[in-house]
Amino acid sequence: MLSGVTNESLSAIFTEEEKQKEEIHVNEFMKKMFADARAEGEARGRAEGRAEGEARGEPRGRQKTAFNLRDMGMEEGFIAKAVGVTEAVIRKWFAEGQKVAML
């Protein structure tokens, strides 16, 4: 509250109806402000979650493709080029048996 402003001094300036209208206006403003902040936070969270999921899914997808190509009889050099990694990475995946479960 402002220094020197009391409920009594406000009562002298504003009618009860004016105070109620202002209170309703402030409440509506606060509800909208919180709703906007929540919507912004949810949108940001969805975007961050989507980016994280894609970052995790991309290597898994590459591995899955590599194993599928191997199962089709393709050579490691071709597989490496197809999935965009080095032959050493392909050999490591195959040696470790990191086959990605089919979805």
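The structure we're discussing is the one just above.
What comes next concerns the included structure. Here the residue numbers are simple positions, counted from 1 along each chain's written sequence. For this predicted model, a pLDDT threshold of at least 70 governs which residues receive local features, and a threshold of 80 or more governs which side-chain atom pairs are given and counted, while totals over whole chains, interfaces and linings are taken from all residues. Processing note: side-chain calculations cover all non-hydrogen atoms of the structure and skip hydrogens and water entirely.

Within 6.5 Å between ring centres, the rings of Phe, Tyr and Trp (the latter by its six-membered ring) count as paired, and their orientation is classed by plane angle as stacked under 30 degrees, edge-to-face over 60, tilted in between. The full count for this structure, using the stated rule, is 1 aromatic pair. Between F67 and F94 the ring centres are 5.0 Å apart and the planes differ by 70°, which places this aromatic pair in the edge-to-face class. Linking F67 in helix 2 (residues 16–71) with F94 in helix 4 (residues 87–96), this pair joins segments that are 27 residues apart in sequence. Only protein chains enter the area calculation, which uses a 1.4 Å probe; residues under 20% of their type maximum are buried, those over 50% are exposed, and those in between are partly exposed. On the basis of relative accessible area, F67 is assigned to the buried category, the value being 2%. On the accessibility criterion, F94 (14% relative accessible area) is buried. Two limits define a charge over a ring: the Lys NZ or Arg CZ must be within 6 Å of the ring centre, and within 35 degrees of the ring normal. Lying over the aromatic face of F94, R70 brings its terminal NZ or CZ to 4.7 Å of the ring centre. Counting from the N terminus, the helices are the DSSP runs of H or I reaching at least four residues and the strands are the DSSP runs of E reaching at least two.

What follows covers helix 4. If you check which residues of helix 4 are buried, you get I90, W93 and F94. Looking straight down helix 4, one finds that the buried residues subtend no more than 95° of arc, so they occupy a single side. Taking the helix axis as origin, the arc is that swept by the directions to the C-beta atoms.

For the rest of this paragraph, the subject is the packing of helix 3 (residues 76–83) against helix 4. Contact pair helix 3 / helix 4: the axes reach a minimum separation of 8 Å and the direction vectors enclose 105°. Judged by the angle between their axes, helix 3 and helix 4 are roughly perpendicular. Here E76, G77, I79, A80 and V83 of helix 3 lie close against helix 4, whose contacting residues are E87, I90, R91, W93 and F94. Its residues placed into classes, the contact of helix 3 with helix 4 shows 6 nonpolar, 1 polar and 3 charged. Note on geometry: axes are C-alpha line fits, over the in-contact stretch for helices, and angles between N-to-C directions span 0 to 180 degrees. The scheme is simple: roughly parallel for angles under 35 degrees, roughly antiparallel for over 145, roughly perpendicular for 65 to 115, oblique for anything else. Whether two residues are in contact is decided by their heavy atoms, any of which lying within 4.5 Å being enough. Each residue receives one of three labels: charged for Asp, Glu, Lys and Arg, nonpolar for Ala, Val, Leu, Ile, Met, Phe, Trp, Tyr, Cys and Pro, and polar for the others, Gly being one of them.

Looking only at helix 3, the buried set comprises I79, A80 and V83. Each buried residue of helix 3 sits inside an arc of 100° when the element is viewed along its axis, so together they form one side. In the stretch just after helix 3, G84 is the one whose phi turns positive, near 80°.

These figures capture arrangement, not role.
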